[in-house]
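# Residue-level structure breakdown
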Amino acid sequence: MASSLSVINPCSLFAYQPAVTAAAVFVRRDELSRRKFHSLSSRADSRTCKLRYRFNRLIRNCSSASPEVVVVDDKKYGNKHVISITPRLYNYILTNVRVPQILQQLQEETANMIGSVISEHSVSPEQAQLLAMLVQILGAERCIEVGVLTGYSSLAVALVLPDSGYLVACERDATSLEIAKKYYELGGVLHKVTLKHGLAADTLKSMILKGEAGSYDFAFVDADKETYQEYYELLLQLVRVGGVIVFDDVLWDGKVADPMVNDAKTISIRNFNKNLMEDKRVSTSMVPIGTGLTICRKK
């Protein structure tokens, strides 16, 4: 999961409404100041008046609201205030996340790995906190993680499992898995974790063949995006009714909403999100935390 933030200035004239964008272009093209633009109302045609109204409304929103707040200027949204996560606000969020010392230590080691590519794909502290809370709310005892990396999210889950808890940790990269194993041991939770090195899909199929269907309470997926649909179908068999499956990266740094981005991973996530929306076997909630989580509850 990429932890980098794509920050949008909510007061940019080009950020949201097409009509507001048109107004801004109109002003720039004719080199009009806001005051001169406002004075056009007495002699402009109806189209220009509408553009002026939208322009001035945007200015009012930007001058009266926090930089973190966007007012969705559309009737179907009811002019809702939407939070835009800026670096300042994200730093504040992190000050309200309780991070156990062992997780902080793992995060620092991961960040210092060569190139820190793995660090960029690890879940963020607030995501790990949410996953741990979901496990506690469920009273989960048997969990699965697909895509362990160095073990940040799985360690967060294992720490809150009861002593008799059981977590299957699937990871294809042996080096990352060794780091995860080290921290499971340092955190005193290694006895709760079963490490599975190899392709996660093969591991899940093997678990089903062994008669483990319907015996798990919780699963988390943060792995190769093109295989999300396959993981989902397999985990839906392994998780009990009322159990929860969580998928990371469902907003993919915002690329899923950009029609100009059509690489294989982005298309896969778009298709996966669409399929989840139409799947009556689960209830879902897409949460804009990190690069997006979708929480699925099996009916």
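Residues numbered from 1 in each chain as written. Predicted model: local features only at pLDDT ≥ 70, side-chain atom pairs only at ≥ 80, totals over all residues. Heavy atoms only, no water.

By the naming in an unreviewed UniProt entry, the chain goes by Caffeoyl-CoA O-methyltransferase and is assigned to Rubroshorea leprosula. For the record of the chain, the UniProt heading Sequence similarities (unreviewed entry) holds the text "Belongs to the class I-like SAM-binding methyltransferase superfamily. Cation-dependent O-methyltransferase family." Its UniProt record, at the heading Cofactor (unreviewed entry), says of the chain: "a divalent metal cation". (UniProt positions renumbered as here; feature names shortened; annotations may be inferred.)

What follows concerns unusual backbone geometry. The phi dihedral of Leu149 is positive, around 55°, even though this residue is not glycine. Within the secondary structure, Leu149 sits in the loop between strand E3 (142–146) and helix H8 (152–160). Of note in this structure, Trp252 is not a glycine but carries a positive phi near 50°. The topology assignment puts Trp252 in the loop between strand E7 (239–248) and helix H12 (264–278). Taking relative accessible area as the criterion, Trp252 reaches 10% and is therefore assigned buried. (Helix = DSSP H or I, 4+ residues; strand = E, 2+ residues; numbered from the N terminus. Buried < 20%, exposed > 50% of the residue type's maximum accessible area, 1.4 Å probe, protein only.)

Gaps left between atoms show up when a probe the size of a water molecule is rolled over them. Summed over all chains, the structure comprises two cavities of 30 Å³ or more. Here the second largest cavity is characterised by a volume of approximately 40 Å³. Around the second largest cavity sit Ser122, Val123, Glu145, Gly147, Val148, Leu149, Tyr152, Ser153 and Asp222, which together line it. Here the residues of the lining of the second largest cavity sort into four nonpolar, three polar and two charged. (1 Å grid on protein atoms, 1.4 Å probe; cavity = no way out; pocket = protein on both sides within 12 Å on 5 of 7 lines; lining within 4 Å. Points joined across faces, edges and corners; volume = space filled by probe spheres on them. Nonpolar A, V, L, I, M, F, W, Y, C, P; charged D, E, K, R; others polar.)

Take helix H5 (residues 101–111) next. Buried residues of H5: Ile102, Leu103, Leu106 and Thr110, and no others. The arc enclosing the buried residues of H5, seen along the axis, measures out at 100°, which places them on a common side. (Arc of directions from axis to C-beta.)

Taken together, the seven strands give an open sheet; going across it, the order is E5-E4-E3-E6-E7-E9-E8, and neighbouring strands pair in mixed fashion. Of all strands in the sheet, those with a lone pairing partner are strand E5 (193–197) and strand E8 (282–287), marking the two edges. For this sheet, the mean angle separating the axes of adjacent strands, direction not counted, is 15°. Across four bridges, the pairing between E3 and strand E6 (residues 216–221) is parallel. Its bridge partner lying in E6, Glu145 is registered against Phe220. With respect to the sheet, helix H10 (residues 200–209) is in contact with E3, strand E4 (166–171), E5 and E6, its orientation differing from that of E3 by roughly 155°. Lying on the sheet, helix H11 (residues 228–238) is in contact with E3, E6, E7, E8 and strand E9 (293–298); it crosses E7 at an angle near 155°. (Pairing = 2+ DSSP bridges. Axes fitted to C-alpha atoms, helices over the stretch in contact; angles between N-to-C directions. Contact = heavy atoms within 4.5 Å.)

A few words on the packing of aromatic side chains. Evaluated as defined, the whole model comprises six aromatic pairs. Arranged with centres 6.0 Å apart and planes meeting at 80°, the rings of Tyr232 and Phe272 form a pair that is edge-to-face. Placement of the pair is Tyr232 in helix H11 and Phe272 in helix H12, with a sequence separation of 40 residues. Accessibility expressed as a relative area gives 1% for Tyr232, which makes it buried. (Phe/Tyr/Trp six-rings, centres within 6.5 Å; stacked < 30°, edge-to-face > 60°.)

Once that is clear, we can look at the layout of surface pockets. What the second largest pocket holds in volume is close to 450 Å³. If you go around the second largest pocket, you meet 25 residues; those closest to its centre are Leu149, Arg172, Asp222, Ala223 and Asp224. Taken together, the elements giving at least two residues each to the lining of the second largest pocket come down to helix H6 (117–121), E4 and H10. Partitioning the lining of the second largest pocket into residue classes produces eleven nonpolar, five polar and nine charged.

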